[in-house]
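Below are the chains, spelled out letter by letter.
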Amino acid sequence: MTTTAPARSLFAPAPTCAAPPVPDPAAPPQWRALASIGVLGAALVTYVGLAHGARQAVLLALGVGLGVALFHSRFGFTSAWRQLVAVGNGAGLRAHALLLGTTATLFALVIGTGTGLFGSQPAPSAGPLGVGLLLGAFLFGLGMQLGGACASGTLFAVGSGQSTIVLTLFGFIAGSVLYTWAFPLVSDLPALPPIVLSEHIGWFGSWAVTILALLAVVAISRVVQARRNPPPTGVPPTARGAARVLRGSWPLWVGAVALAVLGAGVLVVSGGAWGVTSAFALWGAKALQAVGLHPETWAYWQQPSQAKALAGPVLADKTSLTNIGIMIGAALAATAGGAWVMHRSIPWRTALAAVLGGIILGIGARLASGCNIGAYLAGIASGSLSGWIWGLAALAGTWVGLRARALFGLANPKPSDSVC
């Protein structure tokens with residue numbers, strides 16, 4: 001195999017053991033499905049606006065945009081960390097750094113100036129530093145390698161028709177419910193108060209430290225990749241020319257910037273950062289109520305903020321709206337790119353891994369007070385130390401998860417592969 005030329009700058013492509021593959025052309029649009037999902041999405045946005053107000057309608061629309069960006073760029077965390085740990089390809093991690101840096105810049109501007117819509121007061125996201133954070137993030141890293149997706153990845157994979165990840169989503173909801181049921185057992189784990197840099201060095205200082213740390217991550221990942229000389233990452237089918245904007249696929253850097261802008265929009269509109277997994281606990285509790293059970297009596301749901309969410313409609317809940325929007329947006333993007341497909345046959349070991357991984361993901365996200373979006377992305381972008389700790393613990397869980405995948409017949413990238 002040939003070797004690509006050494007990178008000349010910090011942002012030039014890092015070396016791989018072979019040239020990146022040429023993407024196949026995208027399949028024709030799936031017009032009927034695209035039209036149906038488009039009508040459904042527009043109708044739902046309209047209904048939410050009429051029933052629950054403009055803020056909720058905008059949040060749902062922002063979720064649709066997030067779903068389009070996630071699918072068209074195939075922006076993931078699970079595969080990126082698997083490629084990094086297994087073979088040393090840091091392309092996905094460097095895309096994370098761009099997403100984190102752009103989001104941190106926008107957060108500093110929005111929160112630092114107090115810019116909000118619909119009367120919202122934007123606030124940083126920060127979690128306590130303790131056992132729950134470390135254990136939860138570790139479990140999340142393990143669970144996403146078994147389940148095949150992270151929190152945001154689960155949503156856009158379900159929206160694009162990946163039936164295996166539907167099982168992961170069910171497991172995710174089940175794990176979240178298990179956590180809320182067992183909440184009294186883990187609610188008082190040892191922890192230190194959150195540390196937010198802006199409270200000590202101001203928003204400009206917090207932003208500068210975050211950007212410098214992310215540049216260091218980029219540099220280290222390039223050194224690791226140069227030494228390990230991994231296979232290049234695979235590329236999805238893509239449209240050509242201007243059609244690529246609507247039909248995909250997008251470069252990772254485009255996805256990173258789009259996600260940062262849309263995520264900042266969620267902050268401006270709602271006052272809080274984009275999150276995913278709190279809604280899974282809510283959906284599970286609503287499902288239990290629908291069959292006559294009473295999770296509202298559990299200690300978790302008697303907390304004031306949680307009790308309010310459980311008492312209200314799902315379509316008024318911020319995180320539920322963006323989650324539903326992501327699935328709709330991913331479905332729109334997948335049908336526009338001719339890539340929507342529902343697999344009917346799933347090997348039993350793959351199905352078992354998906355459900356088990358989802359359960360671990362749900363428990364881990366609640367223990368750590370968030371997932372790869374609400375704890376990792378929002379935490380680092382807010383200048384919170386908890387976001388960095390979450391990332392390191394999840395990487396450790398990823399290392400264990402790669403070894404656990406073999407128990408279920410799931411493959412990992414190898415240095416001899418043509419792509420990873």
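All residue numbers refer to position in the chain's written sequence, counted from 1. Only residues with pLDDT of at least 70 are given local features in this predicted model, and only at 80 or more are side-chain atom pairs given and counted; all residues enter the totals for whole chains, interfaces and linings. Computation of side-chain values: all heavy atoms of the structure, hydrogens and water removed.

Note the cut-off: UniProt positions are given in the numbering used here, feature names are shortened, and annotations may be inferred rather than shown by experiment.
An unreviewed UniProt entry lists the chain under the name YeeE/YedE family protein, with Pseudonocardia zijingensis as the source organism. Taken verbatim from the UniProt record of the chain, the Sequence similarities (unreviewed entry) comment is "Belongs to the TsuA/YedE (TC 9.B.102) family." For the record of the chain, the UniProt heading Subcellular location (unreviewed entry) holds the text "Cell inner membrane".

**Thoughts on the overall build of the chain**
As a reminder of what qualifies: Helix and strand definitions here come from DSSP, where helices need a minimum of 4 consecutive H or I residues and strands a minimum of 2 consecutive E residues; each element is numbered from the N-terminal end. C-alpha atoms define the radius of gyration, and 2.2 Å times the number of residues to the power 0.38 defines the globule rule. Each accessible area is a Shrake-Rupley result for a 1.4 Å probe, and residues are judged covered by the shown protein chains and nothing else. Positive residues here are Lys and Arg, negative ones are Asp and Glu, while His and the chain termini are left out of the count. Where a charge lies is defined by one atom per residue type, namely NZ (Lys), CZ (Arg), CG (Asp) and CD (Glu).
Along its length, the chain carries 17 helices and two strands. At 21 Å, the chain has a C-alpha radius of gyration in line with the 22 Å of a compact globule built from 420 residues. With the principal axes as the frame, the chain shows a C-alpha extent of 60 × 55 × 45 Å. Total accessible area computed for the chain in this model is approximately 17,900 Å², and 70% of it derives from carbon and sulfur atoms. Within the chain, the 6 negative side-chain charges are centred at a point lying 14 Å from the centre of the 21 positive side-chain charges.

**Notes on the layout of surface pockets**
Rule in force here: Method remark: on a 1 Å grid restricted to protein atoms, a set of points is classed as a cavity if a 1.4 Å probe fits but cannot get out and as a pocket if it is open with protein on both sides within 12 Å along at least five of seven lines; lining residues have an atom within 4 Å of a point. Grid points are joined across faces, edges and corners, and a volume is the space filled by probe spheres set on the points. When residues are sorted by character, Ala, Val, Leu, Ile, Met, Phe, Trp, Tyr, Cys and Pro go into the nonpolar class, Asp, Glu, Lys and Arg into the charged class, and all the rest, Gly among them, into the polar class.
Of the voids in this model, the second largest pocket is the one considered here, and its volume is about 1,000 Å³. Only helix 12 (278-290), helix 13 (304-311), helix 14 (318-336), helix 16 (372-381) and helix 17 (385-405) provide two or more residues apiece to the lining of the second largest pocket. Of the residues contributing to the lining of the second largest pocket, the split by class is 20 nonpolar, 17 polar and four charged.

**With respect to the pattern of salt bridges**
Filter applied, for reference: What makes a salt bridge here is a side-chain nitrogen of Lys or Arg within 4 Å of a carboxyl oxygen of Asp or Glu, nothing more.
Evaluation of the coordinates by the stated rule reveals one salt bridge. Between Asp417 and Lys414 there is a salt bridge, with the nearest N and O atoms lying 3.6 Å from each other.

**Quick word on the packing of helix 5 (residues 131-147) against helix 17**
Basically, it comes down to this: Note on definitions: angles span 0 to 180 degrees between N-to-C directions of axes, and those axes are lines fitted to C-alpha atoms, for helices only across the stretch in contact. Under this scheme an angle from 65 to 115 degrees is roughly perpendicular, one under 35 degrees roughly parallel, and one over 145 degrees roughly antiparallel; angles in between are oblique. In this scheme the handedness of a crossing depends on how the near helix is turned from the far one: anticlockwise by less than a right angle means left-handed, clockwise means right-handed.
Where helix 5 meets helix 17, the closest approach of the two axes is 6 Å, and the angle between their N-to-C directions is 40°. With respect to each other, helix 5 and helix 17 are oriented oblique. For the crossing formed where helix 5 meets helix 17, the hand is right-handed. Within the contact of helix 5 with helix 17, the residues separate by chemical class into 16 nonpolar, six polar and one charged.

**Quick look at the packing of helix 16 against helix 17**
Selection criterion: Here a residue-residue contact requires only that any non-hydrogen atoms of the pair lie within 4.5 Å.
Relative to each other, helix 16 and helix 17 sit at 130°, their axes nearing to 6 Å. The pairing of helix 16 with helix 17 is recorded here as oblique in orientation. Of the two possible hands of crossing, helix 16 and helix 17 adopt the one that is left-handed. Counted together, Asn372, Ala375, Tyr376, Gly379 and Ile380 of helix 16 and Gly387, Trp388, Trp390 and Gly391 of helix 17 form the full contact between these two elements.

**Considerations on the confidence of the model for the chain**
For the record, the criterion: Per residue, pLDDT measures the predictor's confidence, with a range of 0 to 100.
In the predicted model, the chain carries a mean pLDDT of 95, and 97% of its residues have values of at least 70. Note on residues 1-8: pLDDT is under 50 here. Beyond four places in sequence and across chains, it has 16 contacts.

**Focus on empty space enclosed by the protein**
Taken as a whole, this structure holds two cavities of 30 Å³ or more when the rule is applied. Taken as a whole, the largest cavity spans an internal volume of roughly 40 Å³. Every residue lining the largest cavity is listed: Thr103, Phe107, Gly263, Ala273, Trp274, Ile373, Leu377 and Ala378. When contributions to the lining of the largest cavity are tallied by element, the ones reaching two or more residues are helix 4 (91-113) and helix 16. When residues of the lining of the largest cavity are assigned to their parent elements, the largest contribution, three residues, is made by helix 16. Class assignment for the residues of the lining of the largest cavity results in six nonpolar, two polar and no charged. One number sums up the size of the second largest cavity: a volume of about 30 Å³. Broken down by element, the residue count for the lining of the second largest cavity peaks at four residues, all from helix 9 (residues 198-228). Residue composition of the lining of the second largest cavity, by class: five nonpolar, two polar and no charged.

**Let's talk about the packing of aromatic side chains**
Spelled out, the test is: Pairing of aromatic side chains here covers Phe, Tyr and the six-membered ring of Trp, requires ring centres within 6.5 Å, and sorts the geometry by plane angle: under 30 degrees stacked, over 60 edge-to-face, intermediate tilted. Categorising residues by exposure relies on relative accessible area from a 1.4 Å probe, with only protein chains included: less than 20% of the type maximum marks a residue as buried, more than 50% marks it as exposed, and the intermediate range marks it as partly exposed. The criterion is that NZ of a Lys, or CZ of an Arg, lies within 6 Å of the ring centre and within 35 degrees of the ring normal, and then a charge sits over that ring.
This structure, assessed with the given rule, holds 15 aromatic pairs. Ring plane angle 70° and centroid distance 6.1 Å describe the contact between Tyr179 and Phe183, whose orientation is recorded as edge-to-face. The pair Tyr179 / Phe183 is uniform in exposure class, with both members buried. Taken together, Phe75, Phe77, Trp81, Phe140, Phe172, Phe280, Trp283, Tyr376 and Trp390 form an aromatic cluster joined through their ring pairs. One Lys or Arg, Arg74, reaches over the ring of Phe71 and ends 3.9 Å from the middle of that ring. The ring of Trp399 carries Arg403 above its face, with NZ or CZ at 3.8 Å from the centroid.

**Notes on the nonpolar core**
The following threshold applies: Definition used in this section: a nonpolar core is a set of buried Ala, Val, Leu, Ile, Met, Phe, Trp, Tyr and Cys residues joined via side-chain atoms within 4.5 Å.
Phe140, Trp274 and Trp390 are the most contacted members of the largest nonpolar core, which has 85 residues in total. Considering every element that reaches this core, the biggest residue donor is helix 14, with 11 residues. Here Phe140 is in contact with Cys150, Ala151, Phe172, Leu361, Gly364, Ala365, Cys371, Asn372 and Trp390, once residues within four sequence places are set aside. Counting residues in each nonpolar core, the second largest holds 11 residues, with Trp203, Leu267, Val268 and Ala378 among its members.

**Focus on the environment of Gly141**
Topologically, Gly141 is positioned in helix 5. It is 9.5 Å that separates the C-alpha atoms of Gly141 and Cys371, two residues lying 230 residues apart in sequence. The contacts of Gly141, once residues within four sequence positions are left out, are Ala394, Gly397 and Thr398.

**Structural notes on helix 9**
We apply this condition: Expected helix span is given by 1.5 Å per residue-to-residue step, counting one fewer step than there are residues. Two axes define the bend at a residue: one fitted to the seven residues ending there, one fitted to the seven starting there, and the bend is the angle between them.
Across its 31 residues, helix 9 extends only 37 Å between first and last C-alpha, which sits more than 12% below the 45 Å expected from 1.5 Å per residue. A maximum bend of about 80° is found in helix 9 at Phe204. Residues of helix 9 that are buried: Ser198, Trp203, Gly205, Ser206, Thr210, Leu214, Val218, Ser221, Arg222 and Gln225. Looking at the buried positions of helix 9, the neighbouring elements they touch are helix 4, helix 16 and helix 17. One or two positions beyond helix 9, positive phi appears at Asn229, with a value near 50°.

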